[in-house]
Each structure stands twice: as structure tokens, then as C-alpha cells.
Amino acid sequence: MMNGRRKSDRPVVAMKPANKVGAAANNAEVSMAEQAERRGLAEGKTPRQNTNRALDRANVQSALGRIRQAAVKDKQARFTSLMHHIYDLSMLREAYYGLKRDAAPGVDGETWRQYGENLESNLADLSARLRRGAYRAKPVRRVFITKDDGRQRPLGVTALEDKIVQRATVEVLNGIYEIDFRGFSYGYRPGKSQHHALDALTLGLEKKVDWVLDGDVSAFFDGLDHEWLIKFLEHRIADQRVLRLIRKWLNAGVLQEGQWRCSEEGTPQGGSASPLLANIYLHYVFDLWVQHWRKTKAKGDMIVVRWADDFVVGFQHQSDAARFHRELAERFAKFQLKLHPEKTRVIEFGRYAAERRKRRGQGKPETFNFLGFTHICGKKRSNGMFTVWRRTMSKRKRAKLKAVKMELRKRMHQPVAEVGKWLRSVVEGHNRYYGVPSNLPSLGSFRYHVGRYWYRTLRRRSQKTRLTWERQLRLFDRWLPWPKLHHSYPSRHLGVIT
């Protein structure tokens, strides 16, 4: 029996027969006690949003799985039909929920929460514009952040709809290019992190490596050539609608201080598509060329680890390092790239570097920086064997401490507990990234200086009451985490590729 019109139906429950029949069945009280109890109506509305997202994930993963299978089956195939995956509502919805909630708005001023107030209608309109080719990319808002060396790094803040479309496109293209990318490329790839690259480099340096090329591409994201990028994309992408979509982002321009400027080269850092496009560009310019060079020209062992435009190449022979450095500069010049003159250098580094330099009277081996760590030739305390020490870069630590000091001045008159919680998150986050073996002294130094800055700030809150150092030590123990290793030493059995 159904309820009335526009009323919720009760759940249908099978009713068991009465245990007592016959004469006892005439007793209404007994009959009611023996029957199964019917369930009532559900309270409130069912959470349809979670159900929709679960279905979206299943649909998206199924589509991406088919793309991945086709890419594995034929690594030379060119994909002619990809656009319908990008403007699919499930893909766009997943891309929206994958964005950062509190990210800065682009030139349109629209935030994630504002767009989500009418999410389904907004996504339907966006999908329709993508389907008929009426989608137009908005200019990127240019902002600058200060680097460790004092220079300004330009970042691009993309409009929200552009972020959604870029993220959806990246998800589709990742199904193809994750099959093509080489194992020694770690930057901005699913399932890979900075510590995967650092572990691979550490294990690689413990092999037959005596010379290291520490490389960096000068202004890579600003100098990336659009025409070469499109040619590289055409090796795998034959869907002209996808290529036109990428051209729209590249040619959208930059809005800085209210002035629009055309961008004929480069891809702004900060967009969802920029890391993937950078990896595709360097895959053809650097990765494939390095792999061929290692097989045909290297006389000894050679390792490679790349994170975006930062890379480290290790050599067994100095002649290989010098030749590679020279030919790499020529290779980059062909594709409108240039090695950074100050950050790119060849140094003697490895298990025999200290001994050889000592015989020549040249002192300790040089060090190099990679992903925030200074790599140093060292020895294990247990057996005296060669190992690589990793310490926090001095510039990174000083810059972070300077930022903490300035923020403490702004929070001077906030409650001690509130400031303590913030400092705990700062120190804990620092420990989680830099907590690697051989780096405990640097972690302890960072914690000490953070506490010292906090102590000086608290003493300035009042001229009458002075905070004693004993009380401050109790605050340290309560709010500032002690140094802790969050990453174990990379095992030789670790599946890393160099």
C-alpha cells in the first residue's frame, strides 16, 4: 500500500507469520506482539551529494582507465577523440571538488564557494560552452613572491572556471603521458613526491658516481616556446579541439596592475595545466635526449633525477660530465631554453671525492642543493662507509625564520595559546618535510630560533612584567614539537629509478 501523492513511501518490510496460531490468534494482544515491527520513515533528506560524487568517481576512473589502456597498448598512437571526456559533467564536477577551497580568486573575482552555490547549472553551462567551442580563457592575474635570493618570482592566479577546465584536461592527458614519462622524472606527477626524488638521488650517488652536474633551467616557465610545445603535443594528441583549448590558455595573456599583456611565450606558474605542460616540454627536450645520450655516448655509469626544471646528473668519468654539459647547452639553445649560468655547474662529488681532493690539497668536496636540501659527502658512524648527508638549505631556513619573526610581530598581542598553536603547526610542518636522517641538528636549530623569536616577542608585550626564561622553556615544551625523523633512510631495495 503506497502513501498519498508527493508523500514518502514507507520501506517495504517482509512480515513474519505469528508464532502462535489457532485459538491464540483470536487474542488481538498476542497477535500484535507476534508480528514483525515495520520501520518508520527516514528522518531528513538522503545525502545525495555524496552519492553523486561516488558515482562521478566511478565514471571518471572508468573513462581514464580506457584511455590508459589504449596508451599502454600502442605507445605511438595519436588520440583523436578526447574532448568529450573533458566536458563531461562528471569530469568537471570532480575537477571542481579537487580544487583548493581557499585559493585566491582570479581576474573574475569568483571564489570556490560562490561558484558552488549554483554548481550544477554553472557546470552545465560550462560543459555546453566547451562542447560548442564557445569557451574563452580569461587572462591570468600576475602576482609576485620573493625568492630566497631576494628576486621576485612571478606567479599566475587563474580564474576559477579556467582552473576547473585545466584540471579536467590534466586528468585526461595524465592517462596518456604517465605511460610516456620516464622513471627519473618525478616533478608534479601522481603518486610521486619530492622525497621520492631525494631518495632516488641519494641511492644513485652511492653508486659509481664521482662527478655531478647540478642543473637548472633559467626562467623556464617564462621562456617556454608555444610552437614547440604544440608540436610536442601533436605527437600524441590528434584531437584539434584539445589543442585549440590549450592554445587558448597559452594566448590568454597576463593582467598586471590593471594592464593586459599578451604572452607569446611561457606558461604562468600557478595554473593546473602548467606543471603538465612543462613536463611534456622537458620530456621531449631533455628526458628522451638524456636517455639516448646515456646509451650511446656515456663511457661509464650515469644517473639522472629531474624535478620540473631542476635536475641532477651523476657521472663516473669527468670527461662524460664535461661533454654532457657542453652538448646539453647546445640542445637547450635549439628549443629556446638556457641553462642558468650561476646554478648550473659540474662538481667532484662521490665516494672517492674526499680522498682525491685531499691528495691534491683542495680541501673538502663541494656541496650542491636540490629540493631544499644541501647534499654533502659524508661517512657513516657505524662503519665509516661513504654516505650522503642532507641538511636544510641555509637560505631556506633563514627565509622561513624571517617570515616567522615578522608574523610573530603581527600576532604580538594575541593570546599565548593561539600563537602557540600556530607555531606548533609551523614547526611540525618544517619537521615533516626536512625530517630526514642526518638532519636532526638543523631541525633542532630551527626549533631553537623559533622559540627565541617568540620569547623576544612576548617580552615586548609589556614594560612592567618581564617573562622569565624558565617560564618560556615551559612554553617551548608545551607548544614546540621536538625534532623528529619523518623519513627513513632510503633502502637499496626501494624501487627508485635514476
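Quantities reported herein were computed from a predicted structural model and do not represent experimental measurements. (Residues numbered from 1 in each chain as written. Predicted model: local features only at pLDDT ≥ 70, side-chain atom pairs only at ≥ 80, totals over all residues. Heavy atoms only, no water.)

A. Highlighting the layout of surface pockets. Counted as a void, the second largest pocket has a volume near 360 Å³. If you trace the second largest pocket, you find 15 residues lining it, with Arg 351, Ala 354, Glu 355, Gly 378 and Lys 379 closest to the centre. When grouped by side-chain class, the residues that make up the lining of the second largest pocket number six nonpolar, four polar and five charged. (1 Å grid on protein atoms, 1.4 Å probe; cavity = no way out; pocket = protein on both sides within 12 Å on 5 of 7 lines; lining within 4 Å. Points joined across faces, edges and corners; volume = space filled by probe spheres on them. Nonpolar A, V, L, I, M, F, W, Y, C, P; charged D, E, K, R; others polar.)

B. Expanded view of helix α11 (residues 240-250). Residues Val 242, Leu 243, Leu 245, Ile 246, Trp 249 and Leu 250 constitute the buried set of α11. Buried residues along α11 cover an arc of 155° about the axis, so they all sit on one side. (Buried < 20%, exposed > 50% of the residue type's maximum accessible area, 1.4 Å probe, protein only. Helix = DSSP H or I, 4+ residues; strand = E, 2+ residues; numbered from the N terminus. Arc of directions from axis to C-beta.)

C. Representation of the environment of Tyr 434 within the structure. With respect to the helices and strands, the residue Tyr 434 is situated in helix α16 (residues 416-434). Placed 42 residues apart in sequence, Tyr 434 and Thr 392 show a C-alpha to C-alpha distance of 6.6 Å.

D. Representation of helix α4 (residues 89-97). Summarising burial for α4: eight of the nine residues are buried, a large majority. Turning to α4, its buried residues are Ser 90, Met 91, Leu 92, Arg 93, Glu 94, Ala 95, Tyr 96 and Tyr 97. The opening residue of α4 is Asp 88, an N-cap whose side-chain oxygen sits 3.0 Å from the backbone nitrogen of Ser 90. (Polar contact = N/O pair within 3.5 Å; in protein donor to acceptor, adjacent residues only side chain to side chain.)

E. Quick peek at the nonpolar core. In terms of nonpolar packing, the biggest core is built from 78 residues, with Ile 164, Phe 286 and Phe 324 touching the most fellow members. Take this core: its biggest share by element is 12 residues, from helix α12 (residues 274-296). Sequence-distant contacts of Ile 164, defined by excluding residues within four places in its chain, comprise Leu 92, Ala 95, Tyr 96, Leu 99, Tyr 115, Leu 123 and Leu 126. Leu 201, Val 305, Phe 373 and Leu 443 belong to the second largest nonpolar core, which has 25 residues in total. (Core = buried A, V, L, I, M, F, W, Y, C linked by side-chain atoms within 4.5 Å. Contact = heavy atoms within 4.5 Å.)

F. A look at the packing of aromatic side chains. Tallied over the entire structure, the rule returns 25 aromatic pairs. Pairing Tyr 96 with Tyr 115 gives two aromatic rings, centres 6.0 Å apart and planes at 35°, and the pair type is tilted. Placement of the pair is Tyr 96 in helix α4 and Tyr 115 in helix α5 (residues 112-116), with a sequence separation of 19 residues. The two residues Tyr 96 and Tyr 115 agree in class, both being buried. On the basis of an interplanar angle of 85° and a centroid distance of 4.7 Å, the ring pair of Tyr 455 and Trp 469 is categorised as edge-to-face. Taken as a pair, Tyr 455 in helix α17 (residues 440-459) and Trp 469 in helix α18 (residues 469-479) lie far apart in primary sequence, 14 residues in all. Residue classification places Tyr 455 among the buried residues on the basis of a relative accessible area of 14%. Using a relative accessible area of 31% as the deciding quantity, one classes Trp 469 as partly exposed. (Phe/Tyr/Trp six-rings, centres within 6.5 Å; stacked < 30°, edge-to-face > 60°.)

G. How the structure looks around the sheet that holds strand β7 (residues 310-315). Pairing within the open sheet is antiparallel, and its four strands lie in the order β6-β7-β3-β8. Looking along the sheet, the strands with just one partner apiece sit at the ends: β6 (302-307) and β8 (345-348). The mean inter-strand angle of the sheet, taken between neighbouring strand axes irrespective of direction, is 15°. Bridge analysis of strand β3 (residues 211-216) against β7 gives six bridges, and the strand direction is antiparallel. Counted as the bridge partner of Trp 211 is Phe 315 from β7. Helix-sheet contacts for helix α8 (residues 194-205) involve β3, β6 and β7, and the interaxial angle to β6 is about 165°. Taken strand by strand, helix α13 (residues 318-334) contacts β3, β6, β7 and β8, and its axis lies near 145° from that of β7. (Pairing = 2+ DSSP bridges. Axes fitted to C-alpha atoms, helices over the stretch in contact; angles between N-to-C directions.)

H. Structural context of the confidence of the model for the protein. On average, residues of the protein carry a pLDDT of 84, and 82% of them reach 70 or more. Within the protein, helix α1 (residues 28-34) has the poorest average pLDDT of any element, 44, and α16 the best, 96. Confidence drops under a pLDDT of 50 for residues 6-16, and excluding neighbours within four residues, the segment shows 18 contacts in the predicted structure. pLDDT under 50 marks residues 44-51. Its contacts with residues more than four places away, or in other chains, come to one contact. (pLDDT = per-residue confidence, 0-100.)

I. Structural view of the packing of helix α7 (residues 160-180) against α12. Two numbers describe how α7 lies on α12: the axes approach to 11 Å, and their chain directions differ by 25°. Here α7 is positioned roughly parallel relative to α12, judged by the angle of their axes. Of the two elements, α7 crosses α12, and the hand of that crossing is left-handed. Contacts from Val 170, Leu 173, Asn 174, Tyr 177 and Asp 180 in α7 reach Leu 276, Ile 280, His 283 and Tyr 284 in α12. Residues of the contact of α7 with α12, tallied by class, amount to six nonpolar, two polar and one charged. (Parallel < 35°, antiparallel > 145°, perpendicular 65-115°, else oblique. Left-handed = near helix turned anticlockwise from the far one by under 90°.)

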